[in-house]
Amino acid sequence: MDGYGEVCLLGDGFDPSGAVRMREDEYDSRSGSDNIDGALSGDDRDANDEQQPKGKKYHRHTPHQIQELEIFFKECPHPDDKQRSELSRRLCLETKQVKFWFQNRRTQMKTQIERHENAILKQENDKLRAENSVMKDAIANPTCNTCGGPSIPGHLSFEEHHLRIENARLREELHRLYTVTNKFLGWPVSSPFGNQGSSPSSDSCLELSVGRSGIGRSSTVSDSMGLGNGHFGAGPVMPISKPEMGVSGNDIPLDRTIYVDFALAAMNELVEMAQTDAPLWIRSRDGGSRETLNLDEYSRTFPSSAGMKHINWTTEATRDSTMVIINSLALVETLMDANRWAEMFPCLIARATTIDVITSGMCGTRNGALQLMHAELRVLSPLVPVRTLKFLRFCRQHADGLWAVVDVSIGEGSDSNTFLGCRRLPSGCVVEDMPNGFSKVTWVEHTEYDETVIHQLYRQLISSGIGFGSQRWLANLQRQCECLAILMSSTIPTEDPAGISPGGRRSMLKLSQRMVDKFCSGLCSSSLHKWDKLVVGNISEDVKVMARKSINEPGEPPGIVLSAATSVWMPVTQQRLFAFLQDDRLRSEWDILSNSRPMLEMVRISKGQDADNRVSLLRANPMNANESTMFILQETWTDISGSLVVYAPVDTASVSLMMRGGDSAYVSLLPSGFAILPNATNNDKDASMKSGMNSGHDNGCLLTVAFQILVNNLPTAKLTVESVETVNNLIFCTIRKIKTALQVS
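Rules used throughout
- Along each chain, residue indices are assigned from 1 in the same order as the chain's sequence is written.
- In keeping with the predicted nature of the model, local features appear solely for residues at pLDDT of at least 70, side-chain atom pairs appear and are counted solely at 80 or more, and the whole-chain, interface and lining totals rest on all residues.
- Only hydrogens and water are set aside; all other atoms, that is, all heavy atoms of the structure, feed into the side-chain values.
- The helix count covers DSSP runs of H or I at least four residues long, the strand count covers runs of E at least two residues long, and both are numbered beginning at the N terminus.
- In what follows, residue pairs with any heavy atoms lying within 4.5 Å of each other are defined as contacts.
- pLDDT measures the predictor's confidence residue by residue and takes values from 0 up to 100.
- By convention, a stacked pair of Phe, Tyr or Trp rings (six-membered ring in the case of Trp) has centres within 6.5 Å and planes under 30 degrees apart, an edge-to-face pair has planes over 60 apart, and any other such pair is tilted.
- Each residue is placed in one exposure class: buried if its accessible area under a 1.4 Å probe, protein chains only, is under 20% of its type's maximum, exposed if it is over 50%, and partly exposed if it falls in between.
- When the NZ atom of lysine or the CZ atom of arginine is within 6 Å of a ring's centre and also within 35 degrees of its normal, the charge is said to sit over that ring.
- Note: two strands are recorded as paired if DSSP finds a minimum of 2 bridges between them.
- To obtain each axis, a line is fitted to C-alpha atoms, and for helices this fit is confined to the stretch in contact; angles are then taken between N-to-C directions over 0 to 180 degrees.
- Each salt bridge in this description consists of a side-chain nitrogen of Lys or Arg and a carboxyl oxygen of Asp or Glu lying within 4 Å of one another.
- The term nonpolar core refers to a set of buried residues drawn from Ala, Val, Leu, Ile, Met, Phe, Trp, Tyr and Cys, joined through side-chain atoms within 4.5 Å.
- For the domains described, the bounds stem from an automatic or database domain assignment.

Structurally, S409 can be placed in strand β9 (residues 402-409). Apart from residues no more than four positions distant in its own chain, S409 is found in contact with L389, K390, F391, R423 and R424.

Here is the structure:
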């Protein structure tokens, strides 16, 4: 749509959806529904007027053709040649007819917007004339400020008249903002001054700021979730200031008004999906709490959202709920802060940024906060590309201790630079405080994506929701909150050694966090961590090899760093494989670097109630007196969504620094390790074979192996094929050792 993204409309009472909808009578007569053998338009029609034989009959498009063209126009106003050909074939039209229909439709849209702009400018012009007239009358007929009667000429200055005019303008703007905020929060539109046209009283401004007594709580709460019947109750009135909304005079930018409409619609859909049970949701066959979406029922319940589905894209939708040791306010603050959100989900989020804050909330809370965000989500495998999302995040309080945070994608359209390969439909969480200090979190994930970019081995797992679904989000949230609760507690777990100081614990945990982050970045490169992808002829295409030059990078040795990773199917359970890899006594059976030396756990820091969720410092005993002691920093965790084992060699000086509580930011690390994902439940033999999984191994899992090594300590050196082959052989040698130890083929 020509210039649509930059157009700023909006006057008082303007409905933004009116700029997008077209009247049926105008559409039938002018949008391309009537065509003359090819529906020429614009200059093409003028140039061919003389060539067209007189008396040609008009060919009106059928209602079905018009409806299909309108639906496609809303999604993509500028179709390319391939899309136009597909439309013409499907609708039995000529390609030129489709082309000129879209030209006429865009022209009509532009004309409508220009018409509305002219109307707004005319209103502004009339307003300025009225203000000028009032100022002239005020100067000609001055009044007394005390009694309101006529004043002696010259006693009322021009500045005082100007202040009165400004006061009237501010009162009008306050009324307009009050109307916008009430619409934003779903309240009836009314005047903040009652039925009188006078200025507000001293306490009316206070009411606008903090809300009237009794407002903001739901009248009824359901037994199951504490949610109101139907839609949630509205909260207090939220003031919207000029810096937050980008208001200039009496105009609000059109794109931000559309954002508000998107956010409100997405919030309503999320709340309904969080409350509604069968037939909208189908419970998992394993008897767990995870649920999948009934797409047919969703199409009937939310036809507007279902009607925008991308052709040939796969839908992934799950719902799950759990109890988390965090209160609703703390979780909401974490979700609305991009940095804290990424820290809470380190293995899920590669990068998160806030592009724009449209509203920051009210009265120092996040109620009504709306912001535009960008995120890159990942699965710990080189065979699954990073998901890039641009979305709105809207937060709303529906009752005391009851919040909802919803995300909805924007930006996908005709512009190829913003077409991101996936679209997040209304997704998010509903958080309800419990009396015991926990919160009940209900998480809904609903995404459409292009499945062709995902390796065949992972397609079933991703479509089932294990990769990006609600179960993984909640498992990560539960594990991180449990870790924070333990670390903030003054009581040290009994299995942790008493010899390490609190400062040493913090230093070791900080270093381990950086180690895991570097490991994940080597699996799924994002815009934050730049890697150069390498293509080597004799290396399997399932092995992802990347390299980068490290020059004065804190926490990394200088030189050329090589990262290699691959994923394979293992016919053993996730629990058995994780237990084998994290057992120090069995490490020599797969770790080539240990040289068959036994490992001793010197330090353990627990990060959860499960003993397997921990950070450890391992020591390899030297084989002779001339050999130096080797230390390994290792972090392990496991939950229902997967397991992780990450380790990195650490020199003796760095270990001594950590033990004393020193700054570990400059300790050099090159991590390696394993990521394990469980098998997607599937009883379809054909689907199992397509995804590369033997249907006889329903209890198998997917293992990702990754190594980062320094191949040359000179950043200017050239990378050789031999170095790439060495790390490739290291990966497959490790996999063979694991299979041999587990006695699987």
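Another aspect to go through is the confidence of the model for the protein chain. With 72% of its residues at a pLDDT of at least 70, the protein chain reaches an overall mean of 76. Low pLDDT, under 50, characterises residues 1-54; the predicted model gives this stretch 111 contacts beyond four residues in sequence or across chains. The low-confidence segment residues 194-254, where pLDDT is below 50, has 140 contacts with residues more than four positions distant or belonging to other chains.

Moving on: the packing of aromatic side chains. Tallying each qualifying case throughout the model produces twelve aromatic pairs. Ring geometry for W341 and F391: centres 6.2 Å apart, planes at 75°, overall edge-to-face. Note that W341 is positioned in helix α13 (residues 338-344) and F391 in strand β8 (residues 387-399), a separation of 50 residues in sequence. What makes W341 buried here is its relative accessible area of 1%. Taken together, W341, F345, F391, W443 and W473 form an aromatic cluster joined through their ring pairs. In this structure, R548 packs its charged tip against the face of W531, placed 4.6 Å from the ring centre. The ring of Y647 carries R587 above its face, with NZ or CZ at 4.5 Å from the centroid.

Attention now goes to the pairing of strand β18 (residues 630-639). For β18, the tally of buried residues reaches ten of ten residues, placing the bulk of the element in the interior. Pairing of β18 with strand β19 (residues 642-650), which is carried by nine bridges, proceeds in the antiparallel orientation. Bridging from a neighbouring strand, F631 pairs with V650 of β19. In this antiparallel pair of consecutive strands, β18 and β19, the connection spans two residues.

Bringing the sheet that holds strand β21 (residues 701-712) into the picture now. Within the open sheet, the nine strands sit side by side as β13-β14-β15-β21-β20-β19-β18-β17-β16. Their pairing is antiparallel. What marks the edges here is a single partner per strand, and that holds for β13 (532-534) and β16 (599-606). Neighbouring strand axes in the sheet, compared pairwise and without regard to direction, differ in orientation by 20° on average. Where strand β17 (residues 614-620) meets β18, seven bridges bridge the pair, whose relative direction is antiparallel. Bridge assignment links V615 to a residue of β18, and that residue is E635. Packing of helix α15 (residues 470-488) onto the sheet brings it into contact with β16 and β18, and relative to β18 it is tilted by some 125°.

Throughout the structure, instances matching the rule amount to 24 salt bridges. A salt bridge links E291 to R319, with the nearest nitrogen and oxygen atoms 2.7 Å apart. Of the two residues, E291 sits in strand β4 (residues 291-293) while R319 sits in strand β5 (residues 314-324), which places them 28 residues apart along the sequence. What makes E291 buried here is its relative accessible area of 8%. Judged by its relative accessible area of 3%, R319 is buried. Shared partners join several salt bridges into a network, and the residues in it are D277, R283, E291 and R319.

Our next topic: the nonpolar core. In this structure, W341, F345, V441, W443, Y458, I462 and L477 are the most contacted members of the largest nonpolar core, which totals 46 residues. When residues of this core are sorted by domain, at least three fall in each of domain 2 (256-486) and domain 3 (496-681 + 698-742). Once residues lying within four places of it in the same chain are set aside, the contact partners of W341 are T334, L335, I349, A352, M373, A375, F391, R393 and W473. Counting residues in each nonpolar core, the second largest holds 36 residues, with V543, V545, V727 and I731 among its members.

As a further point, take helix α14 (residues 456-463). Looking only at α14, the buried set comprises L457, Y458, Q460, L461 and I462. Downstream of α14 by one or two residues, G465 has phi in the positive range, about 95°.

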